[in-house]
Amino acid sequence: MKTLLRNGIIVNEGVAERASLVITDDCITDIIDSSRTPREHYDRCVDVAGCFVLPGIIDSHVHFREPGLTHKADIGSESREAARGGVTTFFDMPNTVPQTVSQDELDWKLRRAALKSSVNYAFFIGATNDNIDDITSIDPTIVPGIKLFMGSSTGNMLVDSRDRLEQLFCKSPLPIMSHCEDTALINANMAAAEQECGGEPPVVWHPRIRSEEACLRSTELAVSLARKTGARLHVAHVSTARELALFDGSDNNITAEAVIAHLWFSDKDYERLGTRIKCNPAIKSEADRDALRKALTDSRITTVSTDHAPHLLAEKQGGCKSAASGMPMVRYSLSAMMQLVDNGVLSIERLVRLMCHNQADLFSVSRRGYIRKGYKADLAVVSREPFTVAKDNLTCRCGWSPMEGETFSWQVKHTFCNGQHLFCNGSLDESVRGEQVRFRL
């Protein structure tokens, strides 16, 4: 099968230029610049004039809830949401039921994704105080990294032993993606807030309980361990301006991720959206949000992902203690980032660097993340066609989005995954299956 994507504006490796792309089977086989005219026979021709053609988005931080939490999402449902949003590759987190903390649980997820995932997939393995020797022997070509909950508890995945932390940082052959919040400080903040409120604090207290200091204290420890051991550290969902001072872009072994929620919302949005935007780490001040946006362009932030984490609305009821933390984000991440491009926060070339190229480079993804001859034909095509997120056009299993009511100027028109036309003008080909991602040594 030979496909021509004709007359798009290809954004790749710092350049946006008009060209056509040739896809043969699952790979990009030619890039035809505007000085040449495509003259071969093509089995399929897609006119993308006026559209931006990007590498497929790599979202290296999602929670697709399978196994054990499939009443609100699963690999099938959320990979379809990813495809609708131009995301062609996801890396799923290990805090499922059971948790992905051994080879057996990893193998189960890989088999499940081969059957159900519409897009390409990989799975982090989780660290505990007891499995460090096991996880450091995992085949590094099939796993993007080790997820470390450092000072923030999720089941038994809190690694709170200093000796175990140092062992992990010394031994890990893989990038360590760390969730950095200080549990002792959070617990003390919660106790003080409950006493002051006379019960469970309302959600507006969330950034005071999961505070700036709780984030900074834990991130400082992670960075110091990485510097001491030479480990590759990627700090997940940085949420404060003070943490950003720990990253200057000069050390490729110590990097930071921003996620859409912290780039889009601020603490002023709790009054309007309540627990719908409750997540961990908490969404903080406008000053923190603006600092994160600025860091997108000066190398302090290396990747942008979603931390997509759906819950049913019934699970989002309550306050700081009882309402579930997390929100669905994967479908609208590219549209939201394109809106920030329109707002002058960053260039579209930089967007592609943060959501595609850097993701591929940081995790050593094989043959994805760029528009290059011989690379897999994973592509997202976006068009300037305004749309408003509304209840009646949601497709997610959890049935809601914190983006309801938002009007975006850009929407995803086409998604190609391994050369297959997975999403086209609102229609999803549910027969398409993605591939297991491979990583270079």
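Note that the coordinates shown come from a computational prediction; the quantities given were computed from them, not determined experimentally.

A. A look at the overall build of the protein. Tallying secondary structure elements over the protein gives 13 helices and 18 strands in all. Its C-alpha radius of gyration of 21 Å places the protein within 12% of the 22 Å reference for a compact globule of 441 residues. The principal-axis extent of the C-alpha atoms belonging to the protein is close to 70 × 45 × 40 Å. For the protein, contacts bridging at least 24 residues in sequence account for 72% of all contacts bridging at least 6. Of the roughly 16000 Å² that the protein leaves accessible, carbon and sulfur atoms contribute 45%. Counting 51 positive and 57 negative side-chain charges, the protein places the centres of these two groups 2 Å from one another.

B. Helix H1 (residues 75-84), seen in detail. Across the 10 residues that make up H1, a large majority, nine, are buried. When H1 is considered as a whole, its buried residues turn out to be Ile75, Gly76, Ser77, Glu78, Ser79, Glu81, Ala82, Ala83 and Arg84. Contacts from the buried residues of H1 go to strand S7 (87-92), helix H2 (103-116), strand S8 (120-123), strand S16 (407-417), strand S17 (420-424) and strand S18 (427-428). The N-terminus of H1 is capped by aspartate 74, whose side-chain oxygen sits 3.0 Å from the backbone nitrogen of glycine 76. Of the residues trailing H1, glycine 86 is marked for its positive phi of about 80°.

C. Examining the pattern of salt bridges more closely. Enumeration over the complete set of coordinates arrives at 29 salt bridges. Residue arginine 210 is joined to glutamate 181 by a salt bridge in which the shortest nitrogen-to-oxygen separation is 2.7 Å. Separated by 29 residues along the polypeptide, arginine 210 in the loop between helix H6 (206-209) and helix H7 (212-229) and glutamate 181 in the loop between strand S11 (176-180) and helix H5 (183-197) bring together distant segments of the chain. Judged by its relative accessible area of 0%, glutamate 181 is buried. Its salt-bridge partner being glutamate 213, residue arginine 242 comes within 3.3 Å of it at the nearest N-O pair.

D. Region of the structure containing the nonpolar core. Ranked by internal contacts, the top residues of the largest apolar core, which has 103 residues, are Phe265, Ile301, Met337, Leu351 and Met403. Other than its neighbours up to four places away in sequence, methionine 337 contacts Ile260, Leu263, Leu296, Val304, Leu346, Leu351 and Met355.

E. Looking closely at the side chain of glutamate 66. The topology assignment puts glutamate 66 in the loop between strand S6 (57-62) and H1. Taking the relative accessible area as the measure of exposure, glutamate 66 reaches 3% and is therefore buried. Among the polar contacts made by the side chain of glutamate 66, one reaches the side chain of arginine 112 at a distance of 2.5 Å. Within the local environment of glutamate 66, its side chain forms a polar contact with the side chain of lysine 116, the two groups lying 3.1 Å apart. Setting aside residues no more than four positions away along its own chain, glutamate 66 makes contact with Asp74, Ile75, Asp92, Thr96, Trp108, Lys109, Arg112 and Lys116.

F. Region of interest: the environment of proline 310. By the element assignment, proline 310 lies in the loop between strand S14 (303-305) and helix H12 (333-342). Judged by relative accessible area, proline 310 falls into the buried class, the value being 1%. The sequence separation of proline 310 and leucine 115 amounts to 195 residues, and the corresponding C-alpha distance is 21 Å. The contacts of proline 310, once residues within four sequence positions are left out, are His63, Arg65, Lys72, Ala73, Glu78, Met327, Pro328 and Cys398.

Rules used throughout
- Residues numbered from 1 in each chain as written.
- Predicted model: local features only at pLDDT ≥ 70, side-chain atom pairs only at ≥ 80, totals over all residues.
- Heavy atoms only, no water.
- Helix = DSSP H or I, 4+ residues; strand = E, 2+ residues; numbered from the N terminus.
- Rg over C-alpha atoms; globule rule 2.2 N^0.38 Å.
- Contact = heavy atoms within 4.5 Å.
- Areas by Shrake-Rupley, 256 points an atom, 1.4 Å probe, with all protein chains shown as cover.
- Lys, Arg positive; Asp, Glu negative; His and termini not counted.
- Charge placed at Lys NZ, Arg CZ, Asp CG, Glu CD.
- Buried < 20%, exposed > 50% of the residue type's maximum accessible area, 1.4 Å probe, protein only.
- Polar contact = N/O pair within 3.5 Å; in protein donor to acceptor, adjacent residues only side chain to side chain.
- Salt bridge = Lys/Arg side-chain N within 4 Å of Asp/Glu carboxyl O.
- Core = buried A, V, L, I, M, F, W, Y, C linked by side-chain atoms within 4.5 Å.

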